[in-house]
Amino acid sequence: MLVHSPFLLQVPRHGLLGHGRTVLALNDSSGRSSPLHGAPLAVKIGYKRSIILALTFFTSGRVIQVFLPEFHFLVVASVLLGVGMALEGPALMSLLSEEASDENRHYLFSLNSAMGTFGAAFGTLLGGFLPGVLDGENPYRDTLMVSVSFIFLQLAVISLVHPILDRKGREIKFERETVIKILKFSLPSALIGLGAGVTIPPYMGLWFNRKFGTSLESIGGLFAVQQFVMGLGTFLLPTIADKAGSVRTIVTFNGSATLLIAGMPFLPSFPLAAVVYIIRTILMNIVNPIWDAFMMRFFSTEERSTALALRNLAWTATFGAGQYLGGG
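This one's a predicted model, so the numbers in the text were calculated from it and none came from an experiment. Each chain carries its own residue numbering, running from 1 in the written order of its sequence. Local features in this predicted model are restricted to residues of pLDDT 70 or higher, and side-chain atom pairs are both shown and tallied only at a pLDDT of 80 or more, whereas totals for entire chains, interfaces and linings draw on every residue. Remark: hydrogens and water are excluded; side-chain values derive from all non-hydrogen atoms of the structure.

Visitor: How should I be thinking about the packing of aromatic side chains in this particular structure?
Guide: Centre distance and the angle of the planes are the two values used to describe a pair of aromatic rings. When the centres of two rings from Phe, Tyr and Trp lie within 6.5 Å, Trp using its six-membered ring, the rings pair. Their planes under 30 degrees apart give stacked, over 60 give edge-to-face, and anything left gives tilted. This structure, assessed with the given rule, holds eight aromatic pairs. Each ring, one from Phe185 and one from Phe299, has its centre 6.1 Å from the other, and the planes form 55 degrees; the classification is tilted. On the criterion of sequence distance, the pair formed by Phe185 in helix H8 (residues 176-199) and Phe299 in the loop between helix H13 (288-296) and helix H14 (301-326) is long-range, its members being 114 residues apart. Phe299 matches Phe185 in its accessibility class, with the two residues each being buried. Members of the aromatic cluster, each reached through a chain of ring pairs, are Phe185, Trp291, Phe294, Phe298 and Phe299. Over the face of the ring belonging to Phe299 we find Lys181, whose NZ or CZ atom lies 4.9 Å from the ring centre. Each helix is a run of H or I in the DSSP string that is no shorter than four residues. Each strand is a run of E no shorter than two, and both are numbered from the N terminus. Accessible area is worked out with a 1.4 Å probe on protein chains only. A residue is then buried under 20% of its type maximum, exposed over 50%, and partly exposed in between. Any Lys NZ or Arg CZ that is within 6 Å of a ring centre and within 35 degrees of that ring's normal is treated as a charge sitting over the ring.

Visitor: Please clarify how the side chain of Thr249 should be interpreted in this entry.
Guide: Position of Thr249 relative to the elements: it lies in helix H11 (residues 246-263). On the accessibility criterion, Thr249 (2% relative accessible area) is buried. Only 2.7 Å separates the side chain of Thr249 from the backbone oxygen of Gly245, close enough to count as a polar contact. Residue contacts are defined here by distance: any two heavy atoms, one from each residue, within 4.5 Å place the two residues in contact. Ignoring sequence-local partners within four residues, the contact set of Thr249 consists of Leu237, Ile240, Ala241, Ala244 and Val287. Within 3.5 Å is the distance limit for a polar contact, defined as a pair of N or O atoms, with the added protein rule that one can donate a hydrogen and the other accept it, and that residues adjacent in sequence qualify only through two side-chain atoms.

Visitor: I would appreciate a short explanation of the nonpolar core in the present structure.
Guide: For soluble globular proteins, nonpolar side chains are generally found buried alongside one another. In these notes, a set of buried Ala, Val, Leu, Ile, Met, Phe, Trp, Tyr and Cys residues joined through side-chain atoms within 4.5 Å is what counts as a nonpolar core. Core analysis: the largest hydrophobic core is formed by 37 residues, its most contacted members being Phe208, Leu222, Met264, Tyr277, Ile286 and Met295. Every element with two or more residues in this core is listed here: helix H5 (71-97), H8, helix H9 (203-212), helix H10 (216-244), H11, helix H12 (270-285), H13 and H14. Among the elements that line this core, the one with the most residues is H12, at eight residues. With 11 residues, the next largest nonpolar core counts Ala42, Leu81, Leu155 and Ile158 among its residues.

Visitor: Even after reading the chapter, I still don't get the packing of H11 against H12, so can you show me in this structure?
Guide: Angle between the axes and distance between the axes: these two values describe a pair of packed helices. In the contact formed by H11 and H12, the axes pass within 8 Å of each other and the chain directions differ by 150 degrees. The orientation of H11 with respect to H12, classified from their angle, is roughly antiparallel. The handedness of the crossing between H11 and H12 is left-handed. Contacts between H11 and H12 involve Phe253, Asn254, Ser256, Ala257, Thr258, Leu260 and Ile261 from the former and Val276, Ile279, Arg280, Leu283 and Met284 from the latter. A per-class count over the contact of H11 with H12 returns eight nonpolar, three polar and one charged. Every axis in this analysis is a line fitted to C-alpha atoms, fitted for helices over the stretch in contact. Angles between the N-to-C directions lie between 0 and 180 degrees. To sort the angles, those under 35 degrees are grouped as roughly parallel, those over 145 as roughly antiparallel, those from 65 to 115 as roughly perpendicular, and the leftovers as oblique. The handedness criterion is simple: a crossing whose near helix is rotated anticlockwise from the far helix by less than a right angle is left-handed, and one whose near helix is rotated clockwise is right-handed. Lys, Arg, Asp and Glu make up the charged group, whereas Ala, Val, Leu, Ile, Met, Phe, Trp, Tyr, Cys and Pro make up the nonpolar group; the residues left over, Gly among them, are polar.

Visitor: I'm lost on the packing of helix H4 (residues 47-67) against helix H7 (residues 139-159) in this one. Help?
Guide: Orientation of H4 relative to H7, taken along the N-to-C sense of each, is 165 degrees, at an axis distance of 9 Å. As judged from the angle between their axes, H4 and H7 are roughly antiparallel. Here H4 runs over H7; the crossing is left-handed. Within the contact between the two elements, H4 uses Lys48, Ile51, Ile52, Leu55, Thr56, Phe58, Thr59, Arg62, Val63, Gln65, Val66 and Phe67 and H7 uses Arg141, Leu144, Met145, Ser147, Val148, Ile151, Phe152, Gln154, Leu155, Ile158 and Ser159. A per-class count over the contact of H4 with H7 returns 14 nonpolar, six polar and three charged.

Visitor: What should I look at first to understand the pattern of salt bridges in this one?
Guide: Side chains carrying opposite charge are able to pair once their charged atoms draw close together. For this document, the term salt bridge refers to a Lys or Arg side-chain nitrogen within 4 Å of an Asp or Glu carboxyl oxygen. On inspection of all chains with the given rule, the structure shows one salt bridge. For Asp292, the salt bridge is made with Arg311, and the minimal N-O distance between the two is 2.7 Å. One end of the pair, Asp292, is in helix H13; the other, Arg311, is in helix H14, with 19 residues separating them in the sequence. Across this residue pair, the class does not change: Asp292 and Arg311 are buried.

Visitor: Any chance you could explain H11 here in plain terms?
Guide: Turn by turn, an α-helix covers 3.6 residues, leaving residues three or four places apart pointing in a common direction. Between the first and last residue of a helix there are one fewer steps than residues, each counted as 1.5 Å, and that sum is the expected span. Relative to the 26 Å expected for 18 residues at 1.5 Å per residue, H11 spans 27 Å between its end C-alpha atoms, a close match to the ideal helical length. Among the residues of H11, Ser246, Thr249, Ile250, Phe253, Asn254 and Ala257 are the ones counted as buried. Within H11, the buried residues cover an arc of 105 degrees as seen down the axis, which keeps them to one side. Seen from the buried face of H11, the exposed residues on the opposite side, beyond 90 degrees, are Arg248, Val251 and Leu259. In this context, the arc is that of the directions from the helix axis out to the C-beta atoms.

Visitor: Would you take a moment to explain the environment of Pro268 for this structure?
Guide: For Pro268, the location among the structural elements is in the loop between H11 and H12. As for Pro268 and Phe212, which are separated by 56 residues in sequence, their C-alpha atoms are 9.0 Å apart.

Visitor: Teacher, can you tell me more about the environment of Asn288 here?
Guide: Summarising the element assignment, Asn288 is placed in helix H13. Here the alpha-carbon distance between Asn288 and Ser113, two residues 175 residues apart in the chain, equals 8.2 Å.

Visitor: Help me understand the environment of Phe299 in this model?
Guide: For Phe299, a relative accessible area of 3% puts it in the buried group. Residues Phe299 and Thr178 lie 121 residues apart in sequence; the distance between their C-alpha atoms is 8.0 Å. Contact partners of Phe299, with chain neighbours within four places excluded, come to Thr178, Lys181, Ile182, Phe185, Arg304 and Ala307.

Next up, the structure:
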């Protein structure tokens, strides 16, 4: 994501604030507009196969972005990436939810999130470093090509995974009680997604650059530090949730993050803005595993993947709309 915005700015005839914002919005809304098909597919073919299929979509989308950087092809790539996200997220969390009890699930989810966060920190560091090292006409495109190699590595690793429980759920039945439960979890996610789309990536990096003249390398370093700190904090959060309760933990952390982001436009310097941004992002995202584990308690095995997909759709649809509005 760090190099995606500068890459779009270099695409001929298209800028991030023009057609490029449509590409970014499609990645998070149009590409993920069919969770009702993706989640039942994950149930039917198995969660592992769904993740492999999602990674195949990721690979195809990135390759198109690198080798066919024209607007219409970028739209297709964004849809492929979005569909991949729609498949991978619910399948992965449903697979993990089968491996732990309700009492211990938040520990497993937090461990998974922490490892993913450390990986994201490493990737962000590379995203800020590689464009300055790679020689070529378009170093951002070359950096995206490097990211494709990591997707192939993911495919190799997930192919070796053997689920402890190789179970498949039944298709979900949309009874009134189930729909109400999904709506209760989806509405907060939709509101958070709208706010995040307007203010956070990919525009946050550009905001730092334009307001403070900060280089891409410095921004990449900032995002990497944020990810490393958040990864460490994720290991500690289940203990906090056990003592304070899941709901109180989620509300306290997300509410504090909202107050911090509201004050960022008034900060006078990059170091201060960087500290506030790091704290804000950690507070907002560190509770995601607790939120997911808490949600899983209310749904049966056959309901989980679809419930997660619909909640994710609520977030990503409004996040995509927010990105479009934020670039206007």
